[in-house]
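An overview of the molecular structure
Here are the chains, one letter per residue:
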Amino acid sequence: MGESMGNIVIIGTLDTKGAEILYLKKIIDERGHRALLMDLSMGRELKMKGDIEPDEIAKAAGVSMEEVRALADKGERLKASELMMKGAIEKLKQMYREGKVDGVVSLGGHTATVTGTTIMKEALPFGVPKLMISSTAGMPAYAAKYIGTNDITILHSVLDIAGLNDFIKNVLERGAGMICGAVEVLKTKPDVIMAPKERPMIAVTEFGFSEKCATRVKEQLKEKGFEVIAFHAQGIGDRAMEELIAQGFFEGVVDIVPAGVSEHLFKGNRDAGPNRLEAAGARGLPQVITPCGFEMISCGPFPERTKQIVPDYEKRKMALIDPLRAQARTTADELRKVAEVVAEKLNKAKGPVKFVIPMNGWSSLSRPGGPLYEPETDKVFVEELKKRLRPDIEVRTVNANLNDPEFADEVVRAFEEVWRMAKGG
């Protein structure tokens, strides 16, 4: 590897997984990289030392290692573990800022997987290689929580990582190859993600019911010199977008499908969390928003999950997409609440904002003749939004369906306007 050797942090507990961690370190070192052991052990008699020792991690959390061990001794192991995670996150952030981290890997069962992935998610940005070698990766109840919205790779060990044998050695060797390979890509092409771009990067949200609009918007933005990155607004994708915006990756947003806000309010399947529609405003980015998706609540499978979310579904207009997906029409009262929350978020925006609304339906499901078409209900949202938004935030209406060409064209025009405003033009 020569000059392109990378620093790979191994997160683990040397008091319980010492042999496995040292074997992984050996393979990484043999491939020409430098493995740094971050030891989260809470035992008192440690037979080996890591490069980042438990005392140093506890100190980064604002406590002493003895305080951590005392909590564990009293049966408050969760609090003790949380302190070690907090310290590890702060330490890893510091090391990354100092250019001492090119990749990170952890290994173990459920507790180790929760710990390792939490540290990775909180400490490192998108693009830094992250690998979790886990014996519990296949557990449906936990798998999505391990990864969240982050670019973490999981290698399912299948067997318990408890002692070295030929099977576990094979898994660790493959894991070493995976993290080393990822670091080598980062070291040889570091500008792919982090380097300044020749074209401004714009984030766009979309889903299947906005496809024609999103496609036309993306094509036109590219023609006008922007680099467009699309996010599937299914709850995880748009949540990830918010995080990447906050990390500084984008210079503008065309939020065609902000429905993660309403899905969060009504506990729908596309819930994007409490912070949706906030990052762009906090950074002062130019943004254009449409109401696509606010007219529906994702609530399949039908009818089991649907009954949990909208018990009155029999009284509502419904679009049954497939055995797993059902969309229930939102009511006037629900749209008033959505408008209130959306206005509250957008009123805090530090940059220019325009809201563009199609008056003939907000998606392919709510065009005239569609299963969710209810223009009078949609008007309730429009009126409430206008009433609550700051005077300088324009609400522009278009006599078209969201997927009609003229609406996409208006979205692009609106974005050009906020872009010029943001750039002082």
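Summary of the structure given here. (Residues numbered from 1 in each chain as written. Predicted model: local features only at pLDDT ≥ 70, side-chain atom pairs only at ≥ 80, totals over all residues. Heavy atoms only, no water.)

Points about the overall build of the chain
Convention followed: Strands here mean DSSP runs of E at least two residues long; helices mean DSSP runs of H or I at least four residues long; both are numbered from the N terminus. Burial classes: relative accessible area under 20% of the type maximum marks a residue as buried, over 50% as exposed, and values in between as partly exposed (1.4 Å probe, protein chains only). Should any heavy atoms of two residues lie within 4.5 Å, those residues are counted as being in contact.
Check the secondary structure of the chain and you find 15 helices and 14 strands. Along the longest, intermediate and shortest principal axes, the C-alpha atoms of the chain span 70 × 50 × 40 Å. Counting the 425 residues in the chain, one finds 52% classified as buried. The contacts of the chain with a sequence gap of at least 6 include a subset with a gap of at least 24, amounting to 73%.

A look at the side chain of Glu 295
Formally: Working convention for charge: Lys and Arg count positive, Asp and Glu count negative, and His plus the chain ends are omitted. One side-chain nitrogen of Lys or Arg within 4 Å of one carboxyl oxygen of Asp or Glu is enough to make a salt bridge. Counting of polar contacts relies on pairs of N or O atoms within 3.5 Å, with two restrictions inside protein: one atom must be capable of donating a hydrogen and the other of accepting it, and residues adjacent in sequence are counted only when both atoms are side-chain atoms.
Within the secondary structure layout, Glu 295 lies in the loop between strand E9 (287-289) and strand E10 (296-298). There is no salt bridge for the buried Glu 295, and the closest opposite charge comes from Arg 329, which lies 5.9 Å off by N-O distance. Separated by 2.6 Å, the side chains of Glu 295 and Ser 363 make a polar contact. Not counting the four nearest positions on each side in its chain, Glu 295 is found in contact with Ala 328, Arg 329, Thr 330, Trp 362, Ser 363, Ser 366, Leu 372 and Asp 378.

A few points about helix H9 (residues 236-246)
Residues of H9 that are buried: Gly 237, Asp 238, Ala 240, Met 241, Glu 242, Leu 244 and Ile 245. Its buried side turned inward, H9 meets strand E6 (201-206), strand E7 (227-232), strand E8 (252-255), helix H10 (260-265) and helix H11 (279-283).

A look at the packing of aromatic side chains
Note the cut-off: Any two rings among Phe, Tyr and Trp, with Trp reduced to its six-membered ring, count as a pair given centres within 6.5 Å; such a pair is stacked if its planes are under 30 degrees apart, edge-to-face if over 60, and tilted if neither.
Applying the stated criterion to the full structure yields 10 aromatic pairs. Where Phe 226 meets Phe 415, the ring centres are 5.5 Å apart and the plane angle is 75°; that geometry is what we call edge-to-face. On the criterion of sequence distance, the pair formed by Phe 226 in the loop between helix H8 (211-223) and E7 and Phe 415 in helix H15 (residues 405-422) is long-range, its members being 189 residues apart. Here Phe 226 falls in the buried class, since its relative accessible area comes to 6%. Taking relative accessible area as the criterion, Phe 415 reaches 0% and is therefore assigned buried. On the numbers, 5.7 Å between centres and 75° between planes, the contact of Phe 231 with Phe 250 is edge-to-face. You can see Phe 231 sitting in strand E7 and its partner Phe 250 sitting in the loop between H9 and E8, a full 19 residues away along the chain. Taken as a pair, Phe 231 and Phe 250 share a single burial class, namely buried. Members of the aromatic cluster, each reached through a chain of ring pairs, are Phe 294, Phe 355, Trp 362 and Phe 381.

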